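# Chains, contacts and geometry: an overview
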Amino acid sequence: MTENKIPYKIYLEESEMPQAWYNVRADMPVKPAPLLNPATGKPCTAEELGAVFCGELVAQELNDTDRYIPIPQEIRDFYKMYRPSPLVRAYCLEEKLDTPAKIYYKFEGNNTSGSHKLNSAIAQAYYAKNQGLKGVTTETGAGQWGTALAMACGYLGLDCKVYMVKCSYEQKPFRREVMRTYGASVTPSPSMTTEAGRRILAEDPETTGSLGCAISEAVEDATSHEGYRYVLGSVLNQVLLHQSVIGLECKTALDKYGVVPDMIIGCAGGGSNLGGLISPFMGEKLRGERDYEFIAVEPASCPSLTRGVFAYDFCDTGKVCPLAKMYTLGSGFIPSANHAGGLRYHGMSPVLSELYHEGLMEARSVEQTKVFEAAEYFARVEGILPAPESSHAIRVAIDEAIKCKETGEEKTILFGLTGTGYFDLYAYQKFNDGVMDDYIPTDEELQASFAKLPKIG
Ligand SMILES: *Cc1c(COP(=O)(O)O)cnc(C)c1O
């Protein structure tokens, strides 16, 4: 092991950090379908989007042509506080699995928010501040996005209002305190403070909330208060763009050692970490320079890619957001409350949806007990306590490494380790107590949800 020239951790110099984000849409022959205005059925104009989102972010959202978009100096300076993130050669895991596969992971959990979400939070807060706004509103599910945004807003002195999915709000009181410590206000969703929240509560007073529902509340709050805009931590093109720092750093680090991954694996909730991780590699594939195998891993309880339909759908339960063409389970789909493992969003990034639709990326779904088995195994071998979301990628990376053992193939596997699991100990407790079970929606449940999709195209 020691004679191997590749270190356990491949760090980059500050000077090697990306100066520009990479926009994979520029290399896609078929662009992701545009967002539609639900009232007109026509593509949203920059002006319409500008009522909800910050101006510069709207420009990034609609930019399908520029391959590189410079990262403003202020954002690069903030990145330096916690980036470059380490790329780890998982020697211990390889040895334990006794696999000929070479495994690498990019670890994004080295900041207080504990995930990759800070990469986009600081960018979005920066553009909001630059536009002279008072503050931003958002939703958060498990709490990582809300925490990341609270950190970014706290740093820049922007007001931050977070609608937190009610079941998480109750299960993760410490997450809430971290956000409040960074200056954010946190409201459990659905709440009585918005019309969308009141409507959802009237229909189902017992609801434990969903991301889609919290989005509706956050958008309503932003559009009904002067000087506020809404920001979103995943799904949107702009978020994938910001998250390309993950893939760009990986590529620079691997190139230094002449390592070329065969397979790149990431968990997929709304698709931002996976999109960011694979973007530069996908660009090479799209330009015909090199081939890679890409695998999106999602929970069996919320299987947007593997069992969803590719259609225009609302991004939120309250149907206030634009329509996006994506793989979706229907905006009314709320995963079972016994699902503890994150990645609960009903849809998927339009960029990744298009790439998947064209067969450029694969997808797999995994059950949560299998995910936690992998998480525990990984924690004991590599030392890091992984977020349940990240552990979906770990599960498939381990499965693939075991396959290599059986076939003798020396594949190089790269996966995204998106964050740490310190705020997920309630879920770990269920697993450790042996009371975690697997929920898989039936075809009937999904059909019922698909039947409510908006009729477009
Ligand atoms: C939010 C989150 C995810 C899923 O979101 P994507 O947009 O699909 O990346 C994955 N891992 C962690 C740790 C997260 O916080």
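The structure under discussion appears in the preceding block.
Report follows, based on the coordinates. (Residues numbered from 1 in each chain as written. Predicted model: local features only at pLDDT ≥ 70, side-chain atom pairs only at ≥ 80, totals over all residues. Heavy atoms only, no water.)

Time to look at the environment of Thr 442. Note that Thr 442 resides in the loop between helix H17 (425-432) and helix H18 (443-450). Taking the relative accessible area as the measure of exposure, Thr 442 reaches 34% and is therefore partly exposed. Linking Thr 442 and Glu 48, residues 394 residues apart in sequence, is a C-alpha distance of 38 Å. Here the side chain of Thr 442 touches Glu 445 through a polar contact of 3.1 Å, landing on its backbone nitrogen. (Helix = DSSP H or I, 4+ residues; strand = E, 2+ residues; numbered from the N terminus. Buried < 20%, exposed > 50% of the residue type's maximum accessible area, 1.4 Å probe, protein only. Polar contact = N/O pair within 3.5 Å; in protein donor to acceptor, adjacent residues only side chain to side chain.)

Glancing now at the site of the ligand. Neighbouring the ligand are 18 residues; Lys 117, Ser 234, Ser 272, Asn 273 and Thr 418 lie closest to it. Here Ser 272 contributes a side-chain N or O atom positioned 2.7 Å from an oxygen atom of the ligand. Measuring from an oxygen atom of the ligand, one finds a side-chain N or O atom of Asn 273 at 2.7 Å. Contact with the protein chains hides 95% of the accessible area of the ligand, taken as 380 Å² for the molecule alone. Secondary-structure elements contributing two or more residues to the shell around the ligand are helix H12 (272-286) and helix H16 (388-407). (Near = heavy atom within 4 Å. Areas by Shrake-Rupley, 256 points an atom, 1.4 Å probe, with all protein chains shown as cover.)

The next point concerns the nonpolar core. Within the largest apolar cluster, 78 residues are counted, with the highest numbers of intra-cluster contacts made by Trp 21, Ile 75, Tyr 79, Met 282, Met 361 and Leu 414. For Ile 75, the contacting residues outside a window of four places in its chain are Trp 21, Ile 122, Ala 123, Tyr 126 and Tyr 127. (Core = buried A, V, L, I, M, F, W, Y, C linked by side-chain atoms within 4.5 Å. Contact = heavy atoms within 4.5 Å.)

Under the criterion given, the structure shown has 16 aromatic pairs. Here the aromatic rings of Phe 78 and Tyr 82 are separated by 6.0 Å at their centres, their planes lie at 75°, and the arrangement is edge-to-face. Highlighted residues: Phe 78 and Tyr 82, both in helix H3 (residues 73-82), separated by 4 residues, approximately one helical turn. Judged on exposure class, the residue Phe 78 and its partner Tyr 82 are both buried. (Phe/Tyr/Trp six-rings, centres within 6.5 Å; stacked < 30°, edge-to-face > 60°.)

This part takes up helix H15 (residues 368-382). In a regular helix each residue adds 1.5 Å, so 15 residues correspond to 21 Å; H15 covers 20 Å between its end C-alpha atoms and thus fits that length. All buried positions along H15 are accounted for by Gln 368, Thr 369, Val 371, Phe 372, Ala 374, Ala 375, Phe 378, Val 381 and Glu 382. A positive backbone phi angle near 90° is found at Gly 383, which sits one or two residues after H15. (Expected span 1.5 Å × (residues − 1).)

Further remarks concern H16. For H16, which comprises 20 residues, the first-to-last C-alpha distance of 29 Å matches the rise-based estimate of 28 Å (1.5 Å per residue) to within 8%. Of all 20 residues making up H16, 14 are buried, and the element is well covered by its neighbours. Once H16 ends, the next one or two residues include Gly 408, with phi positive near 80°.

Turning next to the pattern of salt bridges. Side-chain pairing between opposite charges can occur once the charged atoms of the two side chains come close. Enumeration over the complete set of coordinates arrives at 26 salt bridges. Arg 83 is the partner of Glu 108 in a salt bridge, and the nearest nitrogen-oxygen pair spans 2.7 Å. Separated by 25 residues along the polypeptide, Glu 108 in the loop between strand S5 (102-107) and helix H5 (118-130) and Arg 83 in the loop between H3 and strand S4 (87-89) bring together distant segments of the chain. A relative accessible area of 4% places Glu 108 in the buried class. One salt bridge in this structure joins Glu 94 and Arg 89, with 2.7 Å as the shortest N-O distance. Since its relative accessible area comes to 9%, Glu 94 is described here as buried. The exposure class of Arg 89 is buried, given its relative accessible area of 4%. Connected via shared salt-bridge partners are Asp 27, Arg 67, Arg 287 and Glu 289. (Salt bridge = Lys/Arg side-chain N within 4 Å of Asp/Glu carboxyl O.)

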